[in-house]
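# What the coordinates show
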Amino acid sequence: MSIPQFEEIVEPNDQTEARHEHLEKLRGLVGNVYPNKFKRSHVSGSEDTITALLSYPPIAAVSTEIGEIVAKLGERERPPAEIKDALNARLKELGNVRIAGRVAVPPRVMGKAAFVHLSDGISRIQIYCRKEDFVFVRNDSRDSLDPQDSWTAFGLLDHGDFIGVEGYLFITNTGELSVHVEQLQFLAKAMLPMPDKMHGIADPEIRQRQRYADLIASSLQVRSEPPTGAPAAASASGVAKSAGGQDLTTREVFERRARVISSLRRFLEDHGYIEVETPMLTPKATGAAAKPFETHHNALDITLYARIAPELYLKRLLVGGFEKVYELNRNFRNEGISYKHNPEFTMLEFYCAYMDVNGMMDFCEELLKESVLNAAGTLQLEYEGNTLDFSNFERISMRDAIGKYAPGVEARDNEIVSVFDTHVEPKLIQPTFIIDFPKSISPLSKASPENPIFAERFELYINRMEVANGFSELNDPREQYDRFVDQMAERERGDEEAMVLDEDYIRALSYGMPPAAGIGIGIDRLTMLLTNKHSIRDVILFPHMRPERRDPDLSEPPA
RNA sequence: GGUCCGAUAGCUCAGUCGGUAGAGCAAAUGGCUUUUAACCAUUGGGUCCCAGGUUCGAGUCCUGGUCGGAUCACCA
């Protein structure tokens with residue numbers, strides 16, 4: 001295997017060469033250009049990130065006051081000096097702050113003063129540097145550069161570099177909260193140019209392959225209505241929009257994803273569930289109908305499969321005496337990639353002893369309402385031109401749903417599923433539990449006591465997508481065995497996705513499993529709904545893609 | 001896997017009928033001590049995705065390929 005040259009990875013061009021030159025000149029001025037740390041101040045009570053400082057009440061209050069005054073001014077008008085001076089006196093009392101971040105705009109140098117915005121990935125704040133008025137700190141000693149060298153060093157900063165500054169907060173003549181810099185420390189270089197400050201990254205390939213660049217672009221992008229001082233956290237309310245009313249930035253999408261996941265965990269733990277971890281590499285790929293990834297374990301010389309579902313392991317734990325368990329982690333399915341399928345996807349599965357399918361629907365509804373509200377701040381979500389209303393979940397049998405959404409369409413018992421898939425699923429926009437599934441396609445669920453051709457099973461549909469699937473768990477080992485045998489017969493007939501018999505699972509059930517209900521919830525799809533994203537790749541940080549291919553001419557060095 | 005669409009400067013994009021490769025941003029140089037998509041002046045920057053073909057001449061037309069997107073089928 002050939003080792004690519006550094007220059008093949010970071011290709012030289014006028015942009016990178018300029019940055020490289022700046023870096024070498026900076027090295028001459030400040031010594032170490034990749035120092036190990038920068039100590040931030042604690043004015044806000046905890047470590048002063050830019051976001052923490054901006055949301056610290058005394059500072060937020062000043063921002064709000066000046067913001068209200070500026071909002072009333074005309075195009076070229078400036079806020080009155082006496083108001084500004086009074087606010088500046090309040091800011092000065094807070095003392096010096098030490099903050100760090102990425103240079104968020106190309107530095108604006110104007111003769112003998114300069115303005116730069118720093119970003120902490122969420123919020124940005126302006127810093128103001130005046131020649132003769134601030135110094136660069138050397139990174140290999142405690143010395144400072146003289147003002148002339150400091151000004152020279154400032155000119156070597158590029159859009160995207162990391163710097164740390166110390167200074168005092170003040171309001172500029174135009175009314176923007178800024179840091180008047182007294183000391184500046186160089187922290188790290190950006191050797192590659194930042195994404196276009198107005199457009200960000202348009203190419204979906206780069207957005208997904210180089211998520212880091214996408215995240216930078218989303219934090220540095222200049223929006224048509226820039227968020228003036230208000231931290232992004234203030235956007236917690238509202239639908240899939242951030243403070244300015246625009247679509248969520250990439251950063252905000254993944255913050256919202258994190259919020260819904262932590263809320264799901266909290267709700268489950270508050271209701272007595274414990275989180276468990278079951279094998280991802282398993283000798284049998286079962287518990288769902290899907291093609292698995294296959295690998296080989298050398299030491300044991302056996303084939304292992306990446307799990308397609310944790311279901312059968314979790315139910316073994318019910319046998320073992322855990323009454324409420326959940327697992328929130330990845331499943332792997334070796335199938336097509338689409339806007340709603342990624343080869344690895346995140347599933348929340350949980351099981352509750354002594355509960356049936358109806359109790360599970362009730363609980364699922366409460367869980368989703370709570371988590372959606374926590375993550376998005378509302379139960380009404382704008383999505384693809386519809387308003388999804390999470391305050392109301394319909395429950396309807398598969399048979400009745402066909403009558404309601406596809407009136408006049410004939411559906412004999414053996415066709416009910418395909419008729420449902422083609423005629424009903426595309427119409428299920430609002431949260432809908434479909435119940436009464438045919439038992440034949442539900443090999444792990446209990447039959448309905450009222451009508452044994454149905455399983456006590458539901459699927460939750462939202463915006464034409466299956467978001468959850470749950471049922472009363474079959475706990476009769478003999479019947480489970482018979483169902484597996486039926487599945488194996490399907491397999492023999494060529495259905496590659498029919499379920500595989502798991503002997504150990506039958507043995508486990510034979511020790512006795514309490515009546516129980518279980519569910520799987522697709523976290524990626526739920527996140528799509530919460531963030532108004534139409535592709536699963538937009539809610540997975542590093543979605544699967546074909547590997548990047550290097551130019552073959554460049555990758556064959558002499559042997 | 002099928003169908004449709006796309007790839008041009010570091011980034012975002014134009015490029016007419018086949019006739020010398022364009023803009024904005026970014027970069028470089030100079031100016032400017034409160035700017036904020038800063039501004040003004042000057043300069044540099046191209047494997048037009050790759051390989052063939054048609055043609056006097058191809059970014060443009062044709063064929064094949066690579067990568068990506070949308071969509072359909074299977075899956076959650």
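Worth saying up front: this structure is predicted, and the values here are computed from it rather than measured. (Residues numbered from 1 in each chain as written. Chains lettered and ligands numbered in written order. Predicted model: local features only at pLDDT ≥ 70, side-chain atom pairs only at ≥ 80, totals over all residues. Heavy atoms only, no water.)

Below, the discussion takes up the overall build of chain A. From N to C terminus, chain A includes 16 helices and 20 strands. Projected onto the principal axes, the alpha-carbon positions of chain A cover approximately 85 × 70 × 45 Å. The buried share among the 559 residues of chain A stands at 48%. At a minimum sequence separation of 6, the contacts of chain A that also span at least 24 residues come to 66%. A total of about 27400 Å² of accessible surface is found on chain A, and carbon and sulfur atoms cover 51% of it. Positive and negative side-chain charges of chain A, numbering 64 and 87 respectively, have mean locations separated by a distance of 3 Å. (Helix = DSSP H or I, 4+ residues; strand = E, 2+ residues; numbered from the N terminus. Buried < 20%, exposed > 50% of the residue type's maximum accessible area, 1.4 Å probe, protein only. Contact = heavy atoms within 4.5 Å. Areas by Shrake-Rupley, 256 points an atom, 1.4 Å probe, with all protein chains shown as cover. Lys, Arg positive; Asp, Glu negative; His and termini not counted. Charge placed at Lys NZ, Arg CZ, Asp CG, Glu CD.)

Among the surface-exposed residues, Tyr212, Leu541 and Phe542 lie close enough to one another that they form a single nonpolar patch of about 330 Å² accessible area. With respect to the element layout, Tyr212 can be found in helix α8 (residues 211–220). (Patch = residues over 30% accessible without salt bridge, like charges linked within 9 Å, V, L, I, M, F, W, Y side chains within 5 Å. Salt bridge = Lys/Arg side-chain N within 4 Å of Asp/Glu carboxyl O.)

Strand direction decides the pairing type here: strand β8 (residues 274–275) and strand β12 (residues 324–332), joined by two bridges, are parallel. Residue pairing across strands places Ile274 opposite Val325, the latter belonging to β12. Bridge count between β12 and strand β13 (residues 344–353): nine bridges; the pairing is antiparallel. Bridge assignment links Arg330 to a residue of β13, and that residue is Thr346. (Pairing = 2+ DSSP bridges.)

Turning our eyes to something else, we now look at the protein's contact with RNA strand B. Around RNA strand B there are 49 residues in total, and Arg78, Thr174, His341, Arg525 and Arg537 lie nearest to it. Here the atoms of RNA strand B within 4 Å of the protein split so that 58% fall in sugar or phosphate, with bases taking the remainder. Side-chain polar atom of Asp14 to a base nitrogen of RNA strand B: 2.4 Å apart, as the coordinates give it. A distance of 3.3 Å is found between a phosphate oxygen of RNA strand B and a side-chain nitrogen or oxygen belonging to Gln208. (Near = heavy atom within 4 Å. Polar contact = N/O pair within 3.5 Å; in protein donor to acceptor, adjacent residues only side chain to side chain.)

Moving on, we get to the sheet that holds strand β11 (residues 302–306). Spatially, three strands are ordered β9-β11-β10 in an open sheet, and the strand pairing comes out antiparallel. Edge strands, defined here as strands with exactly one partner in the open sheet, are β9 (281–282) and β10 (294–297).

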